Amino acid sequence: MIRHLPALLVIVPLLTALTVSALSWVAPRLCLPLTFGCIGASLASSIGILVEVIKSGPVVYTMGGWSAPVGIVYVIDYLSAPVLVVVTAVALINLIASSKQIDRDFSDKKGTFYTLYILFVTGMVGIVATGDAFNLYVLLEIAALTGYSLIGIGHERAPLSSLNYLFIGTIGASFYLLGVGYLYIATGSLNMADLARFMAMPEHGTSTMVMFAFIICMTGLFIKMGLFPLHGWLPNAYSYASPASSALVAPLTTKVMIYAMIRVGLYVFTPAYVFGRLQVGGAMVWIAVAAIVFGSLLALAQKSLFKMLTYIVIAEVGYMVGGFFLGNRMGITGSALHIINDAAMTLCLFLAAGAITYRTKSDDFKDLKGLFHQMPFTMTAFTVGALAVIGVPPTCGFFSKWYLIIGGIQAGHYGYAAALIFSSLVNAVLFFRIFETAYFDQPGDGKGHHHGHHKHHKHKNKMVEAPVSMIVPLMITALGLIALGIYTGDIVTHVIQAAIPGGIA
Amino acid sequence: MKITGLLTVIICGALLTYYAMDFPDFGDGRSPANTYLSPHFLENTMHDAHVPNSVTTILADYRGYDTMYETTVVLTAGLACFFLLRRKESTSPPARFFRHVPTGLTLRIEEGGKLPAENSKVFTRIDSLWAPDSLIIRNTCRLIIAFVQLFALYVVAHGHYSPGGGFQGGVLLGSSIILFSISNDLRRTLKRFREKTAAVLGAIGVLIYSGTGFVCLLMGAHFLNYEALSPLLGLKTGDPMARSHGIFSVEIGVAFAVMSVMIWIYYNLSSAGKHDEGL
Amino acid sequence: MEQIFTAMGAKYNYVAYIILMMVGLYAMIVKSNLVKKIIGMSIFQTSIILFYVSTAYKTGKTIPIVPYDAHAAVQAADFINPLPHVLMLTAIVVSVATLGVALALAMKIYRQYGTLEEDDIHEDLRSEEGKS
């Protein structure tokens, strides 16, 4: 069975999703245990594959027995294996933490919600594991369609935001498909390793078809990951959705798209082409700087917790895109490490925000007063997440920022390093503002005057904590942030360094 | 807004056209796309799978993994429409319309009025957006639907030898039920082909597809490698008919899935999720 | 200049797909009715399907269904390229699925706001925010 692990990684979730879909009409009680078991099995097999890859190198699995370039192959190498573990871990933790929220928001359609949940995870895992350019498009669309429906229910403005996301996301995916089409008519192959082999030939290095394919593919992926100025869909889509969905979609979508960008940039259009011949590095890093500055500044202007977190996500995308386009080993290491770290940080913050809204039914800053006394565990985890975003050791956020800043200085791009430091300062201001409201202000200060029920003030320091099923995964994630920080050295030396092709300085 | 949109579009179009001048000519048989990979498919389709239609072989065998996800996308669309739209409200519509069968008279009963019995033979319920009852349409469609379904089964079965296959046949089957729903009304169709049937059948269709691949995995070969099915079908290993039967089995799964999902999406979209009155 | 016109004459399929794609993109950007935007999206996706299928064509050759003789040698140059057709089967299905989800969302929006015009919906939202 070990040698079939790459296939089982995607097949088991798919089969479970179909079973859950059929069972939701017949025996709805079985849906949650099946979902939990399936994502747990996915997590176990992705850890198994990570160990296998560290031991003996990349794993290649041919679907249908046809080897490349005739058939579709799955390639799990040093870059995909850790991202797989992160994707399945985020999904599992969110499933446990959001079960109460799902009961509240989707009480009559739980079976369908779980089916869409597993299909979303299947799409994400498939994008990470595939080695075929067209297969990536199909799985991108599965992840996208399930994402649109998951975030379509929630707040009153959810359907409009989701439809807007659908329009922009479809343009992005179609651009990616067009780029693959251009590559196909230039070379005749769809397999990623094969295309990389073609890139090395001189006639493809200079053709305009390949240059346009690169531009259009990358534009499509930038639209899907929410890079400034193509980020318009992101704040509304993630803040108006139900917290159960947004805690799944927000940490994963953008990070897996950045993984896809690294995969397409390094393993299809080889680094020699991207950084040597096209020389897009410089311009792209300036766009990333704009994204970081813009995201951080707009986050300052927000009055609602979820909206602020989405703008922080936009700034984080800027970190990773800038890090990749620096073109040196430090920068790409920082970018790949930040995929893992940022998924964990975003999950922690979104879960904490979800727990807060579960109890207080609102995420406006005015309503966060005195929360440290009422929800100590939630706010502790929120603090750890905030420290990771700011970049305080020993949380993981510090180490990936360190790599990115060193990479920027080594490449001579001082603007990028300055933007990172600026963003850390702005994040500190953002989060300390929240800490001040939550710790020092008394709860009910704004609302108490209207009620005139002075008895309520006696209860203001009672703990109104979120349910245990939300707290435990939250604390696990917060501990994970610290653990990821402590083990950064191991992660970088054993896994990420091996993922970067040798030619990069 | 219009001016910026027009300018963006014209500039993008001009750029794309200018850079398209390096592309291969239309109809060029010697472009890289036409000479690198596809000759392998055309030359080996009969030898590997004994299927003359090379599009079917690529779809279900060489790139069968992609097609499995394509079928899942179809199921996802059905699930999404159900998830977003379906409401099981028990509020009654403001007015209900009934037709008195012997005389053809239309009755309109306001909210709170006394409705005729559910199974009354004399009064039938009609939709509020009512088109006149037509004997011609109802009976013509009754005849056509049977032939459409027969043709759909023909298309599915002949996917190996002529253009066709699971997707095309599934859409035809779905459209036959939709034709029944348009010529009669939605409630009658729901009685004959319930939503639960459509949903479960859709999932079963994709399960047939991935189940075939999973059986290959259990027999020791790679996922979706139909050669591993030869012992189960009583064929020698390496017999191309094993692949042919494997392709046929997944095409059946695809037909079921596509048919059920087309009907399911129609039920939810035409009645805005209430399953009360359709188009 | 003349070069460009002769080139466009030989590669008119690319011009066709670009025109269609720009029509779809224009509809998505400029129109304010949600259903018109959805139709523009559908046109946009169809143009990419046209692009792929047009690259598969070889002048004067026939459809890729080989003769039913297991032992005859098949000349691949006599048939058009089957691979883009297969890829586009997938793309068509994906485009239909996206259309279905988009229509379901549009129906939900209509149920909520009573209108499908984006300008009216934004006015509605602005007045709501002004009140709260």
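Above this note sits the structure.
In what follows, the accompanying structure is described. (Residues numbered from 1 in each chain as written. Chains lettered and ligands numbered in written order. Predicted model: local features only at pLDDT ≥ 70, side-chain atom pairs only at ≥ 80, totals over all residues. Heavy atoms only, no water.)

Each helix and strand counted, chain B has eleven helices and three strands in total. Over its C-alpha atoms chain B spans a radius of gyration of 25 Å, topping by over 25% the 19 Å that the globule rule assigns to 279 residues. Overall, the C-alpha framework of chain B stretches about 70 × 65 × 35 Å when taken along its three principal axes. For chain B, the proportion of its 279 residues judged to be buried stands at 53%. Charge separation in chain B, taken as the distance between the mean sites of 23 positive and 21 negative side-chain charges, equals 15 Å. (Helix = DSSP H or I, 4+ residues; strand = E, 2+ residues; numbered from the N terminus. Rg over C-alpha atoms; globule rule 2.2 N^0.38 Å. Buried < 20%, exposed > 50% of the residue type's maximum accessible area, 1.4 Å probe, protein only. Lys, Arg positive; Asp, Glu negative; His and termini not counted. Charge placed at Lys NZ, Arg CZ, Asp CG, Glu CD.)

Within chain C, the regular secondary structure consists of five helices and zero strands. Starting at the N terminus, the α and β elements of chain C follow one another as α-α-α-α-α. In terms of overall size, chain C is more extended than a compact globule, its C-alpha atoms giving a radius of gyration of 22 Å where 132 residues would be expected to give roughly 14 Å. Taken along its principal axes, the extent of the C-alpha atoms in chain C is 75 × 45 × 15 Å. Measuring between centres, the 10 positive side-chain charges of chain C sit 4 Å from its 11 negative side-chain charges.

Bringing the nonpolar core into the picture now. In this structure, Met261(A), Phe269(A) and Tyr65(B) are the most contacted members of the largest nonpolar core, which totals 305 residues. Per-element accounting of this core gives the leading share, 18 residues, to helix α16 (residues 329-360) of chain A. The contact partners of Tyr65(B), leaving out residues within four places of it in the chain, are Val10(A), Ile11(A), Met63(A), Ile72(A), Tyr74(A), Asn135(A), Phe223(B) and Leu224(B). Counting six residues, the second-largest nonpolar core is a separate cluster that includes Leu42(B), Met46(B), Val66(C) and Ala76(C). (Core = buried A, V, L, I, M, F, W, Y, C linked by side-chain atoms within 4.5 Å. Contact = heavy atoms within 4.5 Å.)

This part covers the packing of helix α15 (residues 305-326) of chain A against helix α19 (residues 396-410) of chain A. Residue and element names in this part refer to chain A. Remark: α15 packs on α19, axes separated minimally by 10 Å, with the N-to-C direction vectors making an angle of 45°. Considering the angle they form, α15 stands oblique to α19. Crossing of α15 against α19: the hand is left-handed. Facing Tyr-319, Gly-323 and Leu-326 of α15, the residues of α19 in contact are Lys-401, Leu-404, Gly-407 and Gly-408. Within the contact of α15 with α19, the residues separate by chemical class into three nonpolar, three polar and one charged. (Axes fitted to C-alpha atoms, helices over the stretch in contact; angles between N-to-C directions. Parallel < 35°, antiparallel > 145°, perpendicular 65-115°, else oblique. Left-handed = near helix turned anticlockwise from the far one by under 90°. Nonpolar A, V, L, I, M, F, W, Y, C, P; charged D, E, K, R; others polar.)

All names here are of chain A. Here helix α23 (residues 488-499) is twelve residues long and its end C-alpha atoms lie 15 Å apart, about the 16 Å a rise of 1.5 Å per residue gives. Turning to α23, its buried residues are Thr-488, Ile-491, Val-492, Val-495, Ile-496 and Ala-499. Projected down its long axis, α23 carries its buried residues within an arc of 130°, all on one side. Tucked into the core, α23 has its buried residues touching α2 (31-56), α3 (80-97), α12 (243-268), α16, α19 and α22 (468-486). (Expected span 1.5 Å × (residues − 1). Arc of directions from axis to C-beta.)

Once that is clear, we can look at the sheet that holds strand β2 (residues 105-110) of chain B. Residues and elements named next belong to chain B. Judged by pairing direction, the sheet is antiparallel, and its three strands sit side by side in the order β2-β1-β3 without closing on themselves. Bordering the open sheet on either side are β2 and β3 (123-126), each of which pairs with just one other strand. Strand-to-strand, the axes of this sheet are offset by a mean angle of 35°, without reference to chain direction. One ladder, built from six bridges, connects strand β1 (residues 95-100) with β2; its direction is antiparallel. In the sheet register, His-100 faces β2, and the bridge partner there is Leu-105. (Pairing = 2+ DSSP bridges.)

Our next topic: the pattern of salt bridges. Think of it this way: side chains of opposite charge can pair up when their charged atoms draw near. By the definition in use, this model includes 14 salt bridges over all chains. Its salt-bridge partner being Glu118(C), residue Lys37(C) comes within 3.2 Å of it at the nearest N-O pair. Note that Lys37(C) is positioned in helix α3 (residues 34-55) and Glu118(C) in helix α5 (residues 118-131), a separation of 81 residues in sequence. Summarising the burial analysis for this pair, Lys37(C) and Glu118(C) share the class buried. Shared partners join several salt bridges into a network, and the residues in it are Asp132(A), Arg63(B) and Asp66(B). (Salt bridge = Lys/Arg side-chain N within 4 Å of Asp/Glu carboxyl O.)

Moving on: the interface of chain A and chain B. Contacts between the two partners involve 59 residues from chain A and, on the opposite side, 49 residues from chain B. Summing both sides of the interface, chain A and chain B together bury roughly 5100 Å²; the carbon and sulfur share of this comes to 73%. Run the count over chain A and chain B and you get one salt bridge. Arg63(B) is the partner of Asp132(A) in a salt bridge, and the nearest nitrogen-oxygen pair spans 2.7 Å. Seen at the junction of chain A and chain B, the total is 13 residue pairs in polar contact (both at pLDDT 80 or more). (Buried area = accessible area lost by both parts, 1.4 Å probe. Polar contact = N/O pair within 3.5 Å; in protein donor to acceptor, adjacent residues only side chain to side chain.)

All names here are of chain A. Two numbers describe how α16 lies on α19: the axes approach to 8 Å, and their chain directions differ by 155°. For the element pair α16 / α19, the angle class is roughly antiparallel. Note that α16 runs across α19; the crossing there is left-handed. For the pair formed by α16 and α19, the contact residues are Met-330, Gly-331, Thr-333, Gly-334, Ser-335, Leu-337, His-338, Asn-341 and Met-345 on the first element and Cys-396, Gly-397, Ser-400, Tyr-403, Leu-404, Ile-406, Gly-407 and Gln-410 on the second. Grouping the constituent residues of the contact of α16 with α19 by class yields seven nonpolar, ten polar and no charged.

What follows covers unusual backbone geometry. Pro229(A) follows Phe228(A) through a cis peptide bond whose omega is 5°. With an omega dihedral of 0°, the bond running from Pro393(A) to Pro394(A) counts as a cis peptide bond. Topologically, Pro394(A) is positioned in the loop between α18 (376-390) and α19. A positive phi is found at His50(B), a non-glycine position, where the angle reads about 55°. Residue placement: His50(B) occurs in the loop between α3 (38-49) and α4 (54-62). With phi around 65°, Leu224(B) is a residue other than glycine that occupies positive phi space. With respect to the element layout, Leu224(B) can be found in the loop between α9 (195-218) and α10 (230-233).

Locating Thr72(B) in the fold gives a position in helix α5 (residues 64-85). In this structure the side chain of Thr72(B) is engaged in a polar contact, spanning 2.8 Å, whose partner is the backbone oxygen of Met68(B). Residues within four places of Thr72(B) in sequence aside, it is in contact with Leu14(A), Leu119(A), Ile142(A) and Val206(B).

This part covers the interface of chain A and chain C. Contacts between chain A and chain C engage 28 residues on the former and 36 residues on the latter. When the two sides are added together, the surface that chain A and chain C hide from each other amounts to roughly 2900 Å², 78% of it contributed by carbon and sulfur. Counting the surface chain A buries against chain C, the share from its top three residues, Leu160(A), Phe167(A) and Tyr184(A), is 20%. Inspection of the region where chain A meets chain C yields zero salt bridges. Where chain A packs against chain C, one counts five residue pairs in polar contact (both at pLDDT 80 or more). Contributions of two or more residues to the side of chain A that touches chain C are made by α6 (133-150) and α7 (158-187) of chain A. When residues of the side of chain A that touches chain C are assigned to their parent elements, the largest contribution, 17 residues, is made by α7(A). Its residues placed into classes, the side of chain A that touches chain C shows 20 nonpolar, five polar and three charged.

Bringing the packing of aromatic side chains into the picture now. With the rule as written, the count across this model stands at 44 aromatic pairs over all chains. Each ring, one from Phe82(B) and one from Trp264(B), has its centre 5.5 Å from the other, and the planes form 35°; the classification is tilted. Note that Phe82(B) is positioned in helix α5 and Trp264(B) in helix α11 (residues 240-270), a separation of 182 residues in sequence. Relative accessible area serves as the criterion here: at 1%, Trp264(B) is assigned to the buried category. Taken together, a centroid distance of 5.9 Å and an interplanar angle of 75° make the contact between Phe51(C) and Tyr52(C) edge-to-face. In this pair, the class of Phe51(C) matches that of Tyr52(C), namely buried. An aromatic cluster is defined as three or more aromatic residues linked by ring pairs; in this entry it consists of Tyr182(A), Phe212(A), Tyr18(B), Tyr19(B), Phe23(B), Tyr14(C), Tyr17(C), Phe51(C) and Tyr52(C). (Phe/Tyr/Trp six-rings, centres within 6.5 Å; stacked < 30°, edge-to-face > 60°.)

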